[in-house]
Amino acid sequence: MVELLAPAGNFISLRSVLENGADAVYFGLDDYNMRANAKNFSLDDLSEVSCIAKEYGAKTYLCTNVILNERLACELEGNLERISSSEIDGLILSDIGLIEDTVSHGLEAHVSVQENVTNSYALKTLKKLGAKRAILSRELSLREITEITEKSPIETEIFIHGAICMAISGRCFLSYGLYGRSANCGDCLQPCRKNWTLTYEEGDDNVVNFSDVEDERFMVMGSDDGSYRTNFFSPKDMCMIEYIPELIKSGVASFKIEGRARSPDYGAMVTGVYRQAIDSYLTNPEGYEVRDEWMDKLTSVFNRGFDTNFYFNTPFETSEDNQSKYVKRDIGQVVNYYNRVKAAEIRIWDDLSLGDEIMIQGQTTGSITHTIDSMQIEGKSVGEAKKGCNVAIAIPTKVRQNDFVYKLIERNSND
């Protein structure tokens, strides 16, 4: 059975993806992973992460996938005993030099996509070093992935959803060149996502794109000031929800969702959708159908538009800004939850009405969404609650004191 591997940038995200069906989670450790700007976890947190995951029968993989200089490599090697004692399952490594030490401490060694593994010969070498799994290059087609996996002596893993770096398997120097902040050390400022201006001398034909793409308007867009603006550095997000059968048939061991720096509700929604799709296919392969609601849900959270990356062809469409259908507005906090009547008392600083969709997030609660169908103030049913009051909302899922409450607002063209 294929593993669904989901991201966790903090404890709320961890609980959110586990509640929504993740078979395994991956997460970062301060100083050693490619999401230095995410909250991440400390060495002291690892035992709690492991304990929470075990509640759900899920596996735990710690990302240590930055380029390791001598100091960091020595520090990581010195911490392997503590990491192992926390009872997490494995490390995702960008440096093959630490595979042997990782395995000797009883941990699985998974080779990061940063290694840009593109053939079965590399996988055979990684097997000799002790690796259990390798995340394959994101530049491979589905046909190539299937062929490589058939010959592989170790497990393979692929990305199925989320942001795609413009550089080959994420090895980029743009942020470092512009700001001195290295993407390869987990400190990317994502300048590729900005709107760039292209300038050129009159009569310079070198800016013409002679690609085979008929519609090249995505490459350069003229502006009123005579310059040309484009997001040509920024790919659309990957979305493979429509191709779950083809991906499963490729034989890979793990489907990975990108997004440790994204919000808990993103992790919850995306994990839940892919869980449904995978289970639906495995339960009834012959009767499997892609549901429209899956794409509706995926577009409701942060995204830059969707593409299938390199799986079927070379991607050429550039991304836009966030294309999600809703924005979150911070509107309150949980005061208490009453188990007997299944209602939450919420202190609100914005108006709420029956029919509003809210999101509640907390370290133990994770991230849940709920459409308000019953509200009371001081024991009386109401259709609307004004900011500044405490309101009781019927909600079947248990929430906790101090959980954050957001109202989902439909995005308009100006957002």
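Here's a quick rundown of the structure. Just so it is clear, the structure is predicted and the values come from calculations on it, not from any experiment. (Residues numbered from 1 in each chain as written. Predicted model: local features only at pLDDT ≥ 70, side-chain atom pairs only at ≥ 80, totals over all residues. Heavy atoms only, no water.)

1. A look at empty space enclosed by the protein
Then step 1. For the structure shown, the criterion picks out two cavities of 30 Å³ or more.
Then step 2. In this structure, the largest cavity encloses a volume near 50 Å³.
Then step 3. The wall of the largest cavity is formed by Leu-136, Ser-137, Arg-138, Leu-140, Ile-145, Ile-158, Phe-159, Met-238, Asn-309 and Tyr-311.
Then step 4. Considered class by class, the residues forming the lining of the largest cavity number seven nonpolar, two polar and one charged. (1 Å grid on protein atoms, 1.4 Å probe; cavity = no way out; pocket = protein on both sides within 12 Å on 5 of 7 lines; lining within 4 Å. Points joined across faces, edges and corners; volume = space filled by probe spheres on them. Nonpolar A, V, L, I, M, F, W, Y, C, P; charged D, E, K, R; others polar.)

2. Considerations on a nonpolar patch on the surface
Then step 1. On the surface, Leu-178, Tyr-179 and Leu-189 cluster together to form a nonpolar patch covering roughly 260 Å² of accessible area.
Then step 2. Structurally, the position occupied by Tyr-179 is in helix H7 (residues 174–179).
Then step 3. We classify Tyr-179 as partly exposed; its relative accessible area is 41%. (Patch = residues over 30% accessible without salt bridge, like charges linked within 9 Å, V, L, I, M, F, W, Y side chains within 5 Å. Areas by Shrake-Rupley, 256 points an atom, 1.4 Å probe, with all protein chains shown as cover. Salt bridge = Lys/Arg side-chain N within 4 Å of Asp/Glu carboxyl O. Helix = DSSP H or I, 4+ residues; strand = E, 2+ residues; numbered from the N terminus. Buried < 20%, exposed > 50% of the residue type's maximum accessible area, 1.4 Å probe, protein only.)

3. Considerations on the side chain of Thr-60
Then step 1. Tracing the chain through its elements places Thr-60 in strand E3 (residues 59–64).
Then step 2. Residue contacts for Thr-60: discarding those within four places in its chain leaves Val-25, Phe-27, Val-49, Ser-50, Ala-53, Glu-87, Ile-88, Asp-89 and Gly-90. (Contact = heavy atoms within 4.5 Å.)

4. With respect to the environment of His-105
Then step 1. Looking at the secondary structure, you find His-105 in the loop between helix H4 (99–104) and strand E5 (108–111).
Then step 2. Spatially, the C-alpha atom of His-105 lies 9.7 Å from that of Arg-82, the residues being 23 residues apart in sequence.

5. Digging into the pattern of salt bridges
Then step 1. In total, this model carries 19 salt bridges according to the counting rule given.
Then step 2. Across the salt bridge formed by Lys-151 and Glu-147, the nearest N and O atoms sit 3.7 Å from each other. Here Lys-151 pairs with Glu-147, and both are found in helix H6 (residues 142–151), just four residues apart, close to one helical turn.
Then step 3. For Glu-147, a relative accessible area of 38% gives the class partly exposed.
Then step 4. Of the charged contacts in the structure, one is a salt bridge between Lys-256 and Glu-157, with a shortest N-O distance of 3.4 Å. Of this pair, Lys-256 sits in strand E12 (residues 254–257) while Glu-157 sits in strand E7 (residues 155–162); the two residues are 99 residues apart in sequence, bridging distant segments of the chain. This pair shows no difference in class: Lys-256 is buried, exactly as Glu-157 is.

6. A look at unusual backbone geometry
Then step 1. Its identity is not glycine, yet Glu-87 carries a phi of approximately 70 degrees, on the positive side.
Then step 2. You can see Glu-87 is positioned in the loop between helix H3 (70–85) and strand E4 (90–93).
Then step 3. One non-glycine residue, Glu-378, lies in the positive phi region at around 55 degrees.
Then step 4. Counting through the fold element by element, Glu-378 comes out in the loop between strand E19 (375–377) and strand E20 (380–381).
Then step 5. Judged by relative accessible area, which is 81%, Glu-378 ranks as exposed.

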